[in-house]
Structure formats: structure tokens, C-alpha cells
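Here's the letter readout for the chains.
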Amino acid sequence: MNIFLRIGLFCFFCCGIVACNNNKTANTSANKVAADTAQFYPVANFIADEMKYVDLRNFTIVEKKSNLKDTSSHEISKDDFLSAASVILQQAQWFMSNKYLFNESIFQDLGTESYTINYSSTKAPIKSIDLLLNQQTNLPKRLFIRVIQQVGDTTITEQYSWIANKQFVISSSKRTQNGFNESNSKEISWKNQEQ
């Protein structure tokens, strides 16, 4: 009987050790950081694809600059186009890397057969992104990005808008508490030279 008691106690202690080790594994798994699984629209991919589309074709690319005093327009090279478009691409890439700072909402517009996905944040320089998608194809029609930053007593607002297969606009305005306002915009459009 003494031998059975020893075997029983041995089994009891082994089960206790295994149970304690299982709890440690469970706690370790529970403490791991969950992977980012948010399924936000790949805004950066849209901009990159548009840039490639223009780069691979023989389009006439026109830049129109406007400020409070005057407006000018001239043809630019693909390299100039890519350089200007990369500013918007960088904003989209930053958003994709920091999407945990944003809340998503969706609005369906039956009149235009489209829906708008809005990403908004109070914690990031990018305050809002609006992406207008074709309801039938789910392809982007328009993209709007709004960035607001405070530098000293100056509020700088940058707006980026992109119309698929057509143009993009970069607008900037500065406003101080004393009422000084400054604004400018750059519109870059492209079209087939045969049109």
C-alpha cells in the first residue's frame, strides 16, 4: 500500500506541474500584442497605381499654379509629375502605417451610384481622408486628404485631391491669429496627346 501511495502522490505532483506550466503558456499568449487586422482601403496602392499608369503612357501633363495674385500654366515632364504626386503618396503611406489612429465611416449615395469611405482622426496631422468609390466596380473615383498643422501662431492647412485617371490638386493655406492669410494651389492634369 505504501508503494501505491507513493505512485499516487507522484502522479498528483506531476499533474500539478503540468497544470501550472499550461497556465503560464496561456498567460504568455494572452499578453502578446494582437496583429493589426483593420481592413482599410489601400489608399497608397491607388495613388501608386495612378502614378505608374501616367508614367507608362505618352500623356501631355500640364501644371497650373495659382496664388492670391496670379495663375500660370505650363507643360511638365513625367519626372516633375512623379515628384509632385509623391507628396500625396507619402501622405497615403503614412496613413496606412498609422491607420490605428483613424475611425472609419461609410456613406452610400444612391444618386451618384457611389459610396464614400471616410477616415477621421483627432490624434494625427491628417484630419480626414474621403475616398469616393464606384458602387458597381469598387474602384476609386476621387480621393481627398486634409492635413492641419499648427506651427507657432500659424495654422497650415493642406488639401490633396485626386480624380482618377484625370488630375490631382495640392492646395495649401496659412492663417495666423492676426488674420494674415496666404494660399496657393497646384493642379496637375494629364490627357492623351491624341485627344
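Residues numbered from 1 in each chain as written. Predicted model: local features only at pLDDT ≥ 70, side-chain atom pairs only at ≥ 80, totals over all residues. Heavy atoms only, no water.

Caption draft 1: Highlighting the packing of helix α2 (residues 43-55) against helix α3 (residues 78-97). Put simply, α2 and α3 touch, their axes get as near as 8 Å, and they point 170° apart. As far as their axial angle goes, α3 and α2 are roughly antiparallel. Counted together, Val43, Ala44, Ile47, Ala48, Met51, Val54 and Asp55 of α2 and Lys78, Phe81, Leu82, Ala85, Ser86, Ile88, Leu89, Ala92, Gln93, Phe95 and Met96 of α3 form the full contact between these two elements. In terms of residue class, the contact of α2 with α3 is made up of 14 nonpolar, two polar and two charged. (Axes fitted to C-alpha atoms, helices over the stretch in contact; angles between N-to-C directions. Helix = DSSP H or I, 4+ residues; strand = E, 2+ residues; numbered from the N terminus. Parallel < 35°, antiparallel > 145°, perpendicular 65-115°, else oblique. Contact = heavy atoms within 4.5 Å. Nonpolar A, V, L, I, M, F, W, Y, C, P; charged D, E, K, R; others polar.)

Caption draft 2: Structural view of the side chain of Gln91. Structurally, Gln91 is set in helix α3. Overall, Gln91 belongs to the buried group, its relative accessible area being 18%. Discounting residues that sit within four places of it in the chain, Gln91 has contacts with Ile126, Ile145, Val147 and Tyr160. (Buried < 20%, exposed > 50% of the residue type's maximum accessible area, 1.4 Å probe, protein only.)

Caption draft 3: Looking closely at α2. Taking 1.5 Å of rise per residue, 13 residues should cover 18 Å, and α2 covers 19 Å from first to last C-alpha, within 8% of that figure. Residues Val43, Ala44, Phe46, Ile47, Glu50, Met51 and Val54 constitute the buried set of α2. Looking down the long axis of α2, one finds its buried residues gathered within 160° of arc, a one-sided arrangement. (Expected span 1.5 Å × (residues − 1). Arc of directions from axis to C-beta.)

Caption draft 4: Focus on the pairing of strand β1 (residues 59-67). Both β1 and strand β2 (residues 71-76) contribute to a ladder of six bridges, which runs antiparallel. Bridge assignment links Lys65 to a residue of β2, and that residue is Ser72. Adjacent in sequence and paired antiparallel, β1 and β2 are bridged by three residues. (Pairing = 2+ DSSP bridges.)

Caption draft 5: Up close: the layout of surface pockets. For the largest pocket, the calculated volume is near 170 Å³. Residues that form the lining of the largest pocket fall into these classes: five nonpolar, three polar and three charged. (1 Å grid on protein atoms, 1.4 Å probe; cavity = no way out; pocket = protein on both sides within 12 Å on 5 of 7 lines; lining within 4 Å. Points joined across faces, edges and corners; volume = space filled by probe spheres on them.)

Caption draft 6: Structural context of the pairing of strand β8 (residues 167-176). Bridging between strand β7 (residues 154-163) and β8 involves ten bridges; their strand directions are antiparallel. If you follow Trp162 over to β8, its bridge partner there is Phe168.

Caption draft 7: Structural context of unusual backbone geometry. In this model, Glu113 sits at a positive phi of 50°, which is unusual for a non-glycine residue. Within the secondary structure, Glu113 sits in the loop between β3 (103-109) and β4 (114-120). Of note in the backbone geometry, Asn138 takes a positive phi value of approximately 65° without being a glycine. Within the secondary structure, Asn138 is located in the loop between β5 (126-134) and β6 (140-151). Judged by relative accessible area, Asn138 falls into the partly exposed class, the value being 39%.

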